[in-house]
Amino acid sequence: GKVMELASVPIELRSGKDVDRLWDRTLTQCLVAAARNIPDGILQMELQSWFLCLVFPGIDWTVKAQLVFNIVLAGVGVLADSVDLLLANRRVTVGTALTLLGMMLFGVSRTIMAFYCPSTVESVGWKLFHCVPNGMLSHGNWTSGTLPG
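Note that the structure is a prediction, hence the values are computed from the model and not measured.

Trainee: Even after reading the chapter, I still don't get the side chain of Thr 96, so can you show me in this structure?
Mentor: Mapped onto the secondary structure, Thr 96 falls in helix 4 (residues 91-116). From its side chain, Thr 96 meets the backbone oxygen of Val 92 in a polar contact 2.8 Å long. Excluding residues within four positions of it along the chain, Thr 96 makes contact with Cys 30 and Leu 85.

Right, dumping it as structure tokens:
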């Protein structure tokens, strides 16, 4: 895959067609990175971090470690693709990489705040690093199967 992709890059730009091929390759690279990382990495981080916040008081440290490990693994692919896009050093690739990294910020901050907040839940919306007041949520006992409420 990678060898054929690099083989399709022209050595010299002789016509507008060569420039268009390079531009299409760059755009395709950005779209593939976004299509792969938004559902598989970023949304997975969001889902896992929300789950960690909600079940935090009722789970053992081993389950907490497993959830944090899952969140980290979901972000590794996003980080790797973002670095590749940043190294391409084009406006569209850098913009795509910064967008992906910015989208990761919500899952990362929510994971950190699960350990920091007394309520274990970060505020919803654009207010990063703000805790929900303690007592607003009923966490329940997730290990026994009893739902909150």
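After that view of the structure, there is still more to cover.
Trainee: In this structure, what is going on with the state of the cysteines? I would like to understand it.
Mentor: As used in these notes, a disulfide is a covalent bond between sulfur atoms, one from each of two cysteines. Within the structure shown, the criterion is met by 1 disulfide. The disulfide bridge from Cys 117 ends at Cys 131, spanning 2.0 Å between sulfur atoms. Note on the Cys 117 and Cys 131 pair: the S-S dihedral is about -85°, so by sign convention the disulfide is left-handed. Residue Cys 117 is located in the segment after helix 4, and its partner Cys 131 is located in the segment after helix 4; the two are separated by 14 residues in the primary sequence. Cys 131 sits in the partly exposed class, given a relative accessible area of 29%.

Trainee: What exactly am I supposed to notice about the nonpolar core here?
Mentor: Side chains of nonpolar character tend, in soluble globular proteins, to be buried together. Ranked by size, the top nonpolar core spans 20 residues in total, and within it Leu 52 and Leu 85 carry the most contacts. For this core, the secondary structure elements donating two or more residues are helix 2 (16-55), helix 3 (61-88) and helix 4. For this core, the leading source of residues is helix 2, giving 7 residues. In contact with Leu 52, other than residues within four places in its own chain, are Ile 59, Lys 64, Leu 67, Val 68, Ile 71, Thr 111, Ala 114 and Phe 115.

Trainee: What is the right way to look at the environment of Ala 65 in this model?
Mentor: Tracing the backbone through its elements, the reader meets Ala 65 in helix 3. Each C-alpha atom, one on Ala 65 and one on Leu 52, is 10.0 Å from the other, the two residues being 13 residues apart in sequence.

Trainee: Looking at this structure, how should I read the packing of helix 3 against helix 4?
Mentor: Relative placement of two packed helices is described by the angle separating their axes and the distance separating the axes. The interhelical angle for the contact between helix 3 and helix 4, taken along N-to-C directions, is 160°, at an axis separation of 9 Å. When the interaxial angle is binned, helix 3 and helix 4 end up roughly antiparallel. Helix 4 is crossed by helix 3, and the crossing has left-handed handedness. In this structure, helix 3 contributes Val 68, Ile 71, Gly 75, Val 78, Leu 79, Ser 82, Leu 85, Leu 86 and Ala 88 to the contact, and helix 4 contributes Thr 93, Val 94, Thr 96, Ala 97, Leu 100, Leu 101, Met 104, Thr 111 and Phe 115. Here the residues of the contact of helix 3 with helix 4 sort into 13 nonpolar, 5 polar and no charged.

Conventions used here
- Residues numbered from 1 in each chain as written.
- Predicted model: local features only at pLDDT ≥ 70, side-chain atom pairs only at ≥ 80, totals over all residues.
- Heavy atoms only, no water.
- Helix = DSSP H or I, 4+ residues; strand = E, 2+ residues; numbered from the N terminus.
- Polar contact = N/O pair within 3.5 Å; in protein donor to acceptor, adjacent residues only side chain to side chain.
- Contact = heavy atoms within 4.5 Å.
- Disulfide = S-S within 2.5 Å.
- Buried < 20%, exposed > 50% of the residue type's maximum accessible area, 1.4 Å probe, protein only.
- Core = buried A, V, L, I, M, F, W, Y, C linked by side-chain atoms within 4.5 Å.
- Axes fitted to C-alpha atoms, helices over the stretch in contact; angles between N-to-C directions.
- Parallel < 35°, antiparallel > 145°, perpendicular 65-115°, else oblique.
- Left-handed = near helix turned anticlockwise from the far one by under 90°.
- Nonpolar A, V, L, I, M, F, W, Y, C, P; charged D, E, K, R; others polar.

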